[in-house]
Amino acid sequence: MALRTIRLQGDPILNKVCREVSELTPRIKTLIEDMAETMYEANGVGLAAPQVGVLRRIVVIDVGDGPITMINPEILETSGEQTGDEGCLSVPGKAGKVTRPNHVKVKFYDAEMELCEIEGTELLARAICHEVEHLDGHLYTEKVEGELHDANIEEEDDQ
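Quick look at the structure, then. Only a predicted model underlies this, so the values are computations on that prediction, with no experimental measurement involved.

1. Focus on the pattern of salt bridges
In the structure shown here, the tally under the stated rule is 11 salt bridges. Measuring nitrogen to oxygen at the nearest pair gives 2.9 Å for the salt bridge that ties aspartate 34 to arginine 4. One end of the pair, aspartate 34, is in helix 1 (residues 26-41); the other, arginine 4, is in the segment before helix 1, with 30 residues separating them in the sequence. Note on aspartate 34: relative accessible area 5%, which makes it buried.

2. Some details on unusual backbone geometry
Backbone geometry at methionine 113 places phi at a positive 65°, although glycine is not the residue there. Structurally, methionine 113 is set in the loop between strand 6 (103-109) and strand 7 (115-121). Residue classification places methionine 113 among the partly exposed residues on the basis of a relative accessible area of 22%. Positive phi, normally seen in glycine, also occurs at glutamate 122, with a value near 50°. As for its placement among the helices and strands, glutamate 122 is situated in helix 2 (residues 122-135). Exposure remark for glutamate 122: the relative accessible area of 51% places this residue in the exposed category.

3. Examining the sheet that holds strand 7
If you trace the 5 strands from one edge of the open sheet to the other, you get 1-2-3-6-7, paired in antiparallel fashion. Of all the strands in the sheet, just strand 1 (46-48) and strand 7 have a single pairing partner and so form its edges. Across the sheet, the mean angle from the axis of one strand to that of its neighbour is 35°, orientation sign disregarded. Inspection of the sheet shows strand 1 paired to strand 2 (residues 58-61) by 3 bridges, in the antiparallel sense. The partner of leucine 47 across the bridge, within strand 2, is valine 60. Packing of helix 1 onto the sheet brings it into contact with strand 1, strand 2 and strand 3 (68-79), and relative to strand 2 it is tilted by some 35°.

4. Quick notes on helix 2
For helix 2, with 14 residues, the first-to-last C-alpha span of 21 Å sits near the 20 Å given by 1.5 Å per residue. Among the 14 residues in helix 2, 12 count as buried, and that is most of the element. Three or more residues of helix 2 are buried, namely Leu124, Ala125, Arg126, Ala127, Ile128, Cys129, His130, Glu131, Val132, Glu133, His134 and Leu135. Where helix 2 terminates, the next one or two residues include glycine 137, which has phi positive at roughly 85°.

5. Describing the pairing of strand 5 (residues 91-100)
Bridge count for strand 4 (residues 82-88) against strand 5 is 6 bridges, and the pairing is antiparallel. Each bridged residue has a counterpart across the sheet, and for glutamate 86 the counterpart in strand 5 is glycine 96. Taking the residues between adjacent antiparallel strands as the criterion, strand 4 and strand 5 are bridged by 2 residues. The pairing of strand 5 with strand 8 (residues 145-150) spans 3 bridges and is antiparallel. When the sheet's bridge partners are listed, lysine 97 is paired in strand 8 with glutamate 145.

6. Some thoughts on the sheet that holds strand 5
Strand order in the open sheet made by the 3 strands is 4-5-8, with antiparallel pairing throughout. Looking along the sheet, the strands with just one partner apiece sit at the ends: strand 4 and strand 8. Across the sheet, the mean angle from the axis of one strand to that of its neighbour is 25°, orientation sign disregarded. Across the face of the sheet, helix 2 comes into contact with strand 4 and strand 5 while running at roughly 55° to strand 4.

Cut-offs and rules
- Residues numbered from 1 in each chain as written.
- Predicted model: local features only at pLDDT ≥ 70, side-chain atom pairs only at ≥ 80, totals over all residues.
- Heavy atoms only, no water.
- Salt bridge = Lys/Arg side-chain N within 4 Å of Asp/Glu carboxyl O.
- Helix = DSSP H or I, 4+ residues; strand = E, 2+ residues; numbered from the N terminus.
- Buried < 20%, exposed > 50% of the residue type's maximum accessible area, 1.4 Å probe, protein only.
- Pairing = 2+ DSSP bridges.
- Axes fitted to C-alpha atoms, helices over the stretch in contact; angles between N-to-C directions.
- Contact = heavy atoms within 4.5 Å.
- Expected span 1.5 Å × (residues − 1).

Written as structure tokens, this is what we have:
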């Protein structure tokens, strides 16, 4: 495993649509391991492949219940609403108020390419929506209500 460089806002790769993963190759497995290590090292709760310069539909998320790897995630349902501060490893030191669904249902392939479906609420729902948007070339800063502000330690946990 290796740490990867996190691309920062302004890097054109963050605005590109990612390609689907059709098979689990050794290279994809290494990418997933590196993404998890990079996310933990940066104290994030989610990381999408384009954030480390790879245009593939892969995200890793850990909101405190252990890592979830999502390959080709597709949000099936959303409901409710939550508004809160959100940050991003590609926009270090900043946060902004974003409204997201409070509940999501998502299907994806796991790290073994097994088809899965999970439902998440609150922080997990926020993280899923945030990371899936990265796969379509969008950053949370496009949704910020008001201005970005300096993040403190607690807010950085909501990446």
